[in-house]
Amino acid sequence: MSAERAMRPGLLLSLLLCAALPAAAQQQDYAAANADRQAMLDLLGIKATRPGADGFNRDAPNAANYDEAKAGEPQLHGVLTMANGDRVDSARMWWRARRPELVELFDREIYGRVPASAPTIDWRVVREESAVEGGVPVVKKWLEGVADNKAWPQASATISLRVTLPRGKARVPLMLSFGFPEGFRFPGPPRPADPGPPYTEQLLQRGWGYAVLVANSIQADNGGLLKDGVIGISLRGKARGPEDWGVLRAWAWGASRAFDVLARDPAIDAKRIGIEGLSRYGKAALVTMAYDQRFAIGFVGSSGAGGAALYRRNFGERMGNLCASGEYHWFAGNFLKYCGVLTEFDLPIDSHQLIALSAPRALFIGAGTVETGDGWVDPKGSFLAAAAASHAWDLLGKPGLSSDVFPEALTPVTGGSLGFRQHQGGHNNRDNWPSFIDFAQARLGAKR
């Protein structure tokens, strides 16, 4: 297994995306991100942050760990235990007390708060056409959502959303995916075609529609550009405070705005709209599920630290990586506290509680295996988090994970409303789409 394949898919993606920019722009954005990060550290009184795991040099003192014997046994605060120690013993107590308590903690310490000054979005269809995909007649629509920036014209955002629906069908279920601009191609040599039909054709052939939301059209994935996009509009030219929203929360908010317009389409069943993402977009998909209960199902792939994987495990990516200049902007400023004097063990919450916020809706969590290149995102850490979160589904009358034993690769754990599967295709969702679609069909009752 090569170091490049096994270590840092998220960083490799960032490097590839940056490679597409002119060198001067790269340096300017990098300098702006470093300055913004340092300003937040100064505001918090943090002199230095811990280094993250080194995913390239196995001989480094802080080399990423891929040995289960060294991962540690995380001691987790119970999903159904209030911060004051009270036991949550009813659905009423979950909805009125425990869930709001968890949301408040994630707002304050990890993802940040959506401000009242977040812009309204004006959606318009800019293009529509008929086509055939995978043998299925479809209607394709291109939508733009223009953010109202009258209060701060120096910032702007135009959200890009592409929708494809089976033609002539009414109230179809739909999967909304975080993705890239139309025609986007990763820098470097052309990638080989995926084996088998793409997930979009698989969905259409099973009676689903699909949509792609361009994450960077909501907010750029760059700490140096926080004064633009929807965050910039909401800040009105000010720097972020420690509890202001980060990019993951902005992407999730943008997915909610996409839901608003999708739900108005009579061809789409608003009660059967799901959200999907891979890697950093997998984090965003999980955050979307946690905050917006209108989404009926989620597909979270290889989300790693900051997503489904437990912070309190020493495996793959670590807190220090999330606090570095390439990723700190995903989170609220307060998140940086846990990379200074405080550590992940001081966090009042962990990812199992984020997963629990999706209950009792259907949620599928997946990843590749360590051996085939997805160790950086800690697949087992995501499974352990899902197992710890299952109690929320049980409380609310739905079965959680159907097994609490970490499964072999290619063995789906999908008997409950919370599912998990490891594939052997590396850092992708492609190899889990067939299993996810079966899971979704069973949970949402969509016809073949």
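Residues numbered from 1 in each chain as written. Predicted model: local features only at pLDDT ≥ 70, side-chain atom pairs only at ≥ 80, totals over all residues. Heavy atoms only, no water.

Bringing the state of the cysteines into the picture now. Taken as a whole and assessed by the stated rule, the structure comprises one disulfide. At a sulfur-sulfur separation of 2.0 Å, the disulfide partner of Cys323 is Cys339. Taking the sign of the S-S torsion, about 65 degrees here, the bridge from Cys323 to Cys339 comes out right-handed. Pair noted here: Cys323 is in the loop between α10 (319-322) and α11 (351-356) and Cys339 is in the loop between α10 and α11, with a separation of 16 residues, a long-range link. Accessibility assignment for this pair places Cys323 and Cys339 in one class, buried. (Disulfide = S-S within 2.5 Å. Helix = DSSP H or I, 4+ residues; strand = E, 2+ residues; numbered from the N terminus. Buried < 20%, exposed > 50% of the residue type's maximum accessible area, 1.4 Å probe, protein only.)

Attention shifts here to helix α9 (residues 280-291). Under the 1.5 Å per step criterion, the end-to-end length of α9 is 17 Å for twelve residues, consistent within 8% with the ideal 16 Å. The buried count for α9 comes to twelve of twelve residues, which makes it a mostly enclosed element. All of the buried residues along α9 are Arg280, Tyr281, Gly282, Lys283, Ala284, Ala285, Leu286, Val287, Thr288, Met289, Ala290 and Tyr291. (Expected span 1.5 Å × (residues − 1).)

What follows concerns helix α14 (residues 433-444). Under the 1.5 Å per step criterion, the end-to-end length of α14 is 16 Å for twelve residues, consistent within 8% with the ideal 16 Å. For α14, the full list of buried residues reads Trp433, Ser435, Phe436, Ile437, Phe439, Ala440, Gln441 and Leu444. Gly445 sits one or two positions beyond α14 and adopts a positive phi of about 70 degrees.

This next bit is on the side chain of Ser417. Along the polypeptide, Ser417 turns up in the loop between α13 (379-395) and β9 (418-422). Classification of Ser417 as buried rests on a relative accessible area of 8%. When near neighbours in sequence (up to four residues on either side) are disregarded, Ser417 contacts Pro360, Arg361, Ala362, Leu363, Trp393, Lys398, Pro399, Gly400, Phe439 and Arg443. (Contact = heavy atoms within 4.5 Å.)

The subject of this paragraph is the pairing of strand β7 (residues 297-301). With five of five residues buried, β7 lies mostly within the body of the structure. Going residue by residue along β7, you find Ile297, Phe299 and Gly301 tucked away on one face and Gly298 and Val300 tucked away on the opposite face as well. Of the strand pairs in this sheet, strand β6 (residues 268-278) and β7 are connected by five bridges, and their pairing is parallel. When the bridges of β7 are listed, Leu278 appears paired with Gly301. Handedness of the crossover is the feature at issue here: the chain leaves β6, passes through α9, returns alongside β7, and the resulting connection is right-handed. (Pairing = 2+ DSSP bridges. Right-handed = clockwise from strand over helix to strand, strands pointing away.)

To continue, consider the nonpolar core. The biggest cluster of nonpolar side chains holds 99 residues, and the ones touching the most others in it are Tyr111, Leu161, Leu176, Phe178 and Ile355. Looking at this core, the element that brings in the most residues is helix α8 (residues 247-262), giving eleven residues. Counting residues in hydrophobic clusters, the runner-up holds 18 residues, among them Val136, Ala296, Phe299 and Phe439. (Core = buried A, V, L, I, M, F, W, Y, C linked by side-chain atoms within 4.5 Å.)

Before going further, it helps to examine the packing of helix α4 (residues 91-111) against α9. Each packed pair of helices is defined by two parameters, the angle between the axes and the distance between the axes. Contact geometry of α4 with α9 gives a least axis separation of 11 Å together with a crossing angle of 145 degrees. In terms of crossing hand, the pair formed by α4 and α9 is left-handed. Facing Arg99, Val103, Phe106, Asp107 and Tyr111 of α4, the residues of α9 in contact are Val287, Ala290 and Tyr291. A per-class count over the contact of α4 with α9 returns six nonpolar, no polar and two charged. (Axes fitted to C-alpha atoms, helices over the stretch in contact; angles between N-to-C directions. Left-handed = near helix turned anticlockwise from the far one by under 90°. Nonpolar A, V, L, I, M, F, W, Y, C, P; charged D, E, K, R; others polar.)

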